[in-house]
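Coordinate analysis (summary)
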Amino acid sequence: MAPKIHTFEEVASHNKKDDCWLIISGKVYDVTPFLEEHPGGDEVLLTSTEKDATNDFEDVGHSDDAKVTMQKFYIGEIDESTLPSKQKYTPPSATSTATANQDSGSSSKILLFVLPLLILGLAFVLRLYSKKE
């Protein structure tokens, strides 16, 4: 018998303590009966709902026994075309970074010139003031 295919929206709607489904490696698991038994607590599983929990699952480094236990809760496959697209990090362009550096660079150059003059002026005024008294 072919596995049941679930949409992401369908799986994401099962995100409560009394109805919890997870997507791990393209497979859908109804882990509701396992919430109380999970060694990490039910919150760990509940925070992995409404997304592909594959990375969360693999980052923990589950034992082979845990992977065997998972099979009891298997209820079908995810329709990959319904998964939300992953946002990729795009670093700022070199030109915008260079412009930002130039702007902060020119203000720091002015500060490097003006600050010593202010300190020198303050020292001169204090010296002049202390000689008069």
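It should be noted that the structure appears before, not after, this text.
Keep in mind that what you see is a predicted model, and the values were worked out from it rather than measured. (Residues numbered from 1 in each chain as written. Predicted model: local features only at pLDDT ≥ 70, side-chain atom pairs only at ≥ 80, totals over all residues. Heavy atoms only, no water.)

**Here's the deal with the side chain of H38**
Take H38: it is sitting in the loop between β4 (27–30) and α2 (42–46). A relative accessible area of 14% places H38 in the buried class. Leaving out residues up to four positions away in the same chain, H38 has contacts with V44, L45 and H62. (Helix = DSSP H or I, 4+ residues; strand = E, 2+ residues; numbered from the N terminus. Buried < 20%, exposed > 50% of the residue type's maximum accessible area, 1.4 Å probe, protein only. Contact = heavy atoms within 4.5 Å.)

**Remarks on the pattern of salt bridges**
For the structure shown, the criterion picks out two salt bridges. When the shortest N-O distance is used, the salt bridge between D42 and K17 registers 2.7 Å. Taken together, the residues span a long stretch of sequence, with D42 in helix α2 and K17 in the loop between β2 (15–16) and β3 (19–24) at a distance of 25 residues. On the basis of relative accessibility, which here comes to 16%, the residue D42 falls in the buried class. A salt bridge links D56 to K51, with the shortest nitrogen-to-oxygen separation between them at 2.9 Å. Residue classification places K51 among the partly exposed residues on the basis of a relative accessible area of 34%. (Salt bridge = Lys/Arg side-chain N within 4 Å of Asp/Glu carboxyl O.)

**Brief notes about the sheet that holds strand β5 (residues 74–78)**
With mixed pairing, the five strands of this open sheet are ordered in space as β1-β5-β4-β3-β2. The sheet is open, and its two edges are formed by β1 (5–6) and β2, each paired on a single side. Pairing of β3 with β4 involves four bridges; the strand directions are antiparallel. Across the sheet, the residue bridging to W21 is D30, located in β4. (Pairing = 2+ DSSP bridges.)

**Structural notes on the layout of surface pockets**
Of the volumes computed, that of the largest pocket is approximately 350 Å³. In this structure, the largest pocket is lined by 20 residues; those nearest its centre are F34, H38, L45, F57 and H62. Secondary-structure elements contributing two or more residues to the lining of the largest pocket are β3, α2, α3 (54–60) and α4 (64–70). Residue composition of the lining of the largest pocket, grouped by class: 14 nonpolar, five polar and one charged. (1 Å grid on protein atoms, 1.4 Å probe; cavity = no way out; pocket = protein on both sides within 12 Å on 5 of 7 lines; lining within 4 Å. Points joined across faces, edges and corners; volume = space filled by probe spheres on them. Nonpolar A, V, L, I, M, F, W, Y, C, P; charged D, E, K, R; others polar.)

**Concerning unusual backbone geometry**
Its identity as a non-glycine residue notwithstanding, S25 has a phi of 55 degrees, on the positive side. Positionally, S25 belongs in the loop between β3 and β4. Located in the positive-phi region is E50, a residue other than glycine, with phi close to 60 degrees. Tracing the sequence through the fold places E50 in the loop between α2 and α3.

**As for empty space enclosed by the protein**
Counting across every chain of the model gives one cavity of 30 Å³ or more. Approximately 30 Å³ is the volume attributed to the largest cavity. Together, F8, V11, A12, W21, L22, I23, S48, T49, E50 and K51 line the largest cavity. For the lining of the largest cavity, the secondary-structure elements that each account for two or more residues are α1 (8–12) and β3. For the lining of the largest cavity, a count of residues per class yields six nonpolar, two polar and two charged.

These results come straight from atomic positions and should not be treated as a statement about function.
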